[in-house]
Each structure stands twice: as structure tokens, then as C-alpha cells.
Amino acid sequence: MTKACIFDLDGVIVDTAHYHFLAWKRLADELGIRFTVEDNERLKGVSRMQSMEILLGLGNVALSQHDKETLANKKNTWFVDYVERMMPEEIYPGVKALLEQLRKQGIKTGLASSSKNAKTVIQRLHIESYFDVVVDGTMVVHSKPDPEIFLLAASKLGVDSKDCVVFEDAEAGVEAALAAGMKCVGVGSPVQLGKAQRVIEKTGQFKPAELEQL
Ligand code: B16
Ligand code: MG
């Protein structure tokens with residue numbers, strides 16, 4: 001029986017995934033690396049420094065650790081610029097209603113984002129109070145597809161993995177949820193997220209009654 005729903009942030013609650021893409025694209029252009037929307041799928045859900053490595057790998061570019069960190073920080077300042085201009089209305093339609101319905105039914109809600117900017121994003125959206133627990137990229141060592149972030153969220157919620165359902169837009173995130181022994185609803189394309197128990201187009205279209213059919 002589902003006792004908790006754990007939500008990814010970027011691409012599930014709000015389209016910050018697009019802001020990450022724009023910031024990485026700007027860096028790729030500066031470095032002369034060809035970087036497409038398809039390439040960006042591999043960056044979803046993984047940490048900032050792992051994303052940096054994937055981007056450099058695409059261009060066969062080798063840099064020192066210091067230079068990689070400098071460039072990743074630069075990308076982050078561009079991403080944070082987007083986040084600071086975000087409006088609360090940017091939350092995906094139906095997400096707040098879903099969170100409210102889940103809680104009314106006694107189901108706990110958690111947020112588990114690889115992003116070190118997750119707290120700022122949910123503050124901008126005014127949705128901190130909708131989650132019983134928030135776990136972000138500052139609190140884990142291993143990023144998705146490692147299950148650490150979801151296991152930490154479940155332990156903070158006091159719920160067994162088998163009773164948790166994760167909502168994820170990234171292939172790495174679906175893998176992490178399954179590795180944690182949880183069920184997963186993929187949000188996006190079945191091409192990337194086919195391993196999830198169910199794939200939906202938009203988070204807001206999901207109904208709590210569907211949890212028991214997973
Ligand atoms: P930051 P999520 C992830 O967030 C993004 O999907 C991923 O593209 C990004 O690299 C990662 O956060 C780290 O973000 O640079 O802000 O720390 O999808 O797990 O909510
Ligand atoms: Mg995501």
C-alpha cells in the first residue's frame with residue numbers, strides 16, 4: 001500500500017530542466033562543443049559535476065579539475081539567474097492539487113532533487129509547506145542513478161521503500177527509484193522512461209486513485 005509519494009523537482013514539479021539546458025548550452029557554445037536537446041537527456045537527474053563531465057566527453061575536451069569547477073560554477077550562476085526570475089505560476093498545472101489530494105488521503109509527500117538549488121526553487125514557487133520532507137543535492141554523496149537520495153527521503157519520512165512511489169522525469173532517476181525498491185511513475189517520454197511502472201505526459205494528470213494500480 002502506498003504510504004508516501006516522493007517527487008523529483010526539475011522536470012516534474014516545474015520546468016527548471018529547460019533552464020538547466022539553456023545554461024549548459026551556453027557553456028557548450030563557449031567551449032565549441034555541439035550540444036543538443038537529445039544530449040541533454042543524459043544530464044537530467046545527475047549532479048552538476050557529473051553533468052560537466054558528460055558535456056566535456058561529448059566534445060572530447062580534457063580540462064583540469066580546477067577548470068572544470070570554474071566552468072560548472074559559471075553554468076550555475078546562469079542557472080541561478082533564471083531561477084531568480086521564476087514566478088510562482090511556473091509550477092506545472094495540477095501539481096499543487098495533486099499534493100493536496102495525497103495529503104488529504106494520509107499519504108506523505110517528499111521532494112528528492114539532485115539539485116543544490118532545490119530549496120531556492122521551491123521557495124520561489126511558494127511550495128515548501130507542501131512537502132513533509134525535502135532532500136537535495138547538498139545532502140547526498142552519490143547522485144542518481146544511485147538510490148541514496150530516495151532511501152534518505154524514505155527514511156526521513158519513516159516509510160518503507162516498498163510503500164513509496166517516486167515521480168521522475170530522468171532515466172537516471174527512474175533507475176535510482178527502482179534500485180531503492182520503490183515504484184516509479186515516469187513523467188515524459190516512454191522512450192527514456194520505459195523502465196518505470198507507468199509513464200505519464202504531465203505530473204498534474206495523475207490521480208491518487210491510480211497509485212494502487214502500479
Ligand atoms: P544543480 P532533479 C537535477 O535535479 C537536474 O535534473 C540535473 O539536470 C542537474 O544537473 C542536477 O539537478 C544538479 O543541479 O546544478 O542545481 O545542483 O531533476 O534531481 O530535481
Ligand atoms: Mg528531474
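- Per an unreviewed UniProt entry, the protein chain carries the name Beta-phosphoglucomutase and comes from Chryseolinea soli.
- Quoted verbatim from the Catalytic activity (unreviewed entry) field of the UniProt record, the comment on the protein chain reads "beta-D-glucose 1-phosphate = beta-D-glucose 6-phosphate".
- Entered under Sequence similarities (unreviewed entry) in the UniProt record, the comment concerning the protein chain runs "Belongs to the HAD-like hydrolase superfamily. CbbY/CbbZ/Gph/YieH family."

## Re the pairing of strand E2 (residues 108–112)
Next, step 1: Within E2, four of the five residues are buried, which leaves it mostly tucked inside the rest of the structure.
Next, step 2: Pairing geometry for strand E1 (residues 4–7) and E2, over four bridges, is parallel. Within E2, the position partnered with Cys-5 by the bridge is Thr-109.
Next, step 3: Bridge analysis of E2 against strand E3 (residues 133–135) gives three bridges, and the strand direction is parallel. Bridging across to E3, Leu-111 finds its partner in Val-134.
Next, step 4: Regarding topology, helix H6 (residues 118–124) serves as the crossover connection from E2 to the parallel E3, and that connection is right-handed.

## Concerning the site of ligand 1
Next, step 1: Taken together, 21 residues surround ligand 1, and among them Asp-10, Arg-48, Ser-113, Ser-114 and Ser-115 come closest.
Next, step 2: Listing elements by their share of the shell around ligand 1, those giving two or more residues are helix H1 (16–31) and helix H3 (48–58).
Next, step 3: For the shell around ligand 1, the per-class residue count stands at five nonpolar, eleven polar and five charged.
Next, step 4: When we break the shell around ligand 1 down by domain, the ones giving at least three residues each are domain 1 (4–15 + 92–213) and domain 2 (17–83).

## Quick notes on the sheet that holds strand E5 (residues 183–187)
Next, step 1: Read across the open sheet, the six strands follow the order E3-E2-E1-E4-E5-E6; overall the sheet is parallel. Because the sheet does not close on itself, it has two edges, and the strands there are E3 and strand E6 (198–200). In this sheet, neighbouring strand axes are inclined to one another by 20° on average, regardless of whether the strands run parallel or antiparallel.
Next, step 2: Where E1 meets strand E4 (residues 164–168), four bridges bridge the pair, whose relative direction is parallel. Of the residues in E4, the one forming a bridge with Cys-5 is Val-165.
Next, step 3: Set on the sheet, helix H7 (residues 148–157) makes contact with E1, E2, E3 and E4; between it and E3 the angle comes to about 155°.

## Some details on the UniProt feature "active site" (unreviewed entry) in the protein chain
Next, step 1: UniProt's feature table lists "active site" (unreviewed entry) at Asp-8 and Asp-10, given in the numbering used throughout.
Next, step 2: Looking at where Asp-8 falls in the secondary structure, it is placed in the loop between E1 and H1.
Next, step 3: The class of Asp-8 is buried, set by 31 C-beta atoms lying within 10 Å.
Next, step 4: Sequence-distant contacts of Asp-8, that is, excluding residues within four places in its chain, are made with Ala-112, Ser-113, Phe-167, Glu-168, Asp-169, Ala-170 and Gly-173.
Next, step 5: Here Asp-10 lies in the loop between E1 and H1.
Next, step 6: Those residues in contact with Asp-10 that sit more than four places away from it in its chain are Thr-16, Ala-17, His-20, Ser-113 and Ser-115.

## Considerations on the confidence of the model for the protein chain
Next, step 1: Looking at the protein chain, the pLDDT average stands at 96 and 100% of residues meet or exceed 70.
Next, step 2: On the interface metric, ipTM, the complex scores 0.92, and its pTM is 0.93.

## Quick notes on the nonpolar core
Next, step 1: Membership of the largest hydrophobic core comes to 56 residues, with the highest contact counts inside it found for Ile-6, Phe-150 and Val-166.
Next, step 2: Broken down by element, this core gets its largest block of residues, six residues, from H7.
Next, step 3: Domain assignment of the residues forming this core places at least three in each of domain 1 (4–15 + 92–213) and domain 2 (17–83).
Next, step 4: For Phe-150, the contacting residues outside a window of four places in its chain are Ile-6, Ala-112, Val-166, Ala-176, Ala-177, Ala-180 and Met-182.

Parameters at a glance
Residues numbered from 1 in each chain as written. Chains lettered and ligands numbered in written order. Predicted model: local features only at pLDDT ≥ 70, side-chain atom pairs only at ≥ 80, totals over all residues. UniProt positions renumbered as here; feature names shortened; annotations may be inferred. Buried ≥ 20, exposed ≤ 12 C-beta atoms within 10 Å, placed from the backbone. Helix = DSSP H or I, 4+ residues; strand = E, 2+ residues; numbered from the N terminus. Pairing = 2+ DSSP bridges. Right-handed = clockwise from strand over helix to strand, strands pointing away. Near = placed C-beta within 6 Å. Nonpolar A, V, L, I, M, F, W, Y, C, P; charged D, E, K, R; others polar. Domains from an automatic or database assignment. Axes fitted to C-alpha atoms, helices over the stretch in contact; angles between N-to-C directions. Contact = placed C-beta atoms within 7 Å. pLDDT = per-residue confidence, 0-100. Core = buried A, V, L, I, M, F, W, Y, C linked by C-beta atoms within 7 Å.

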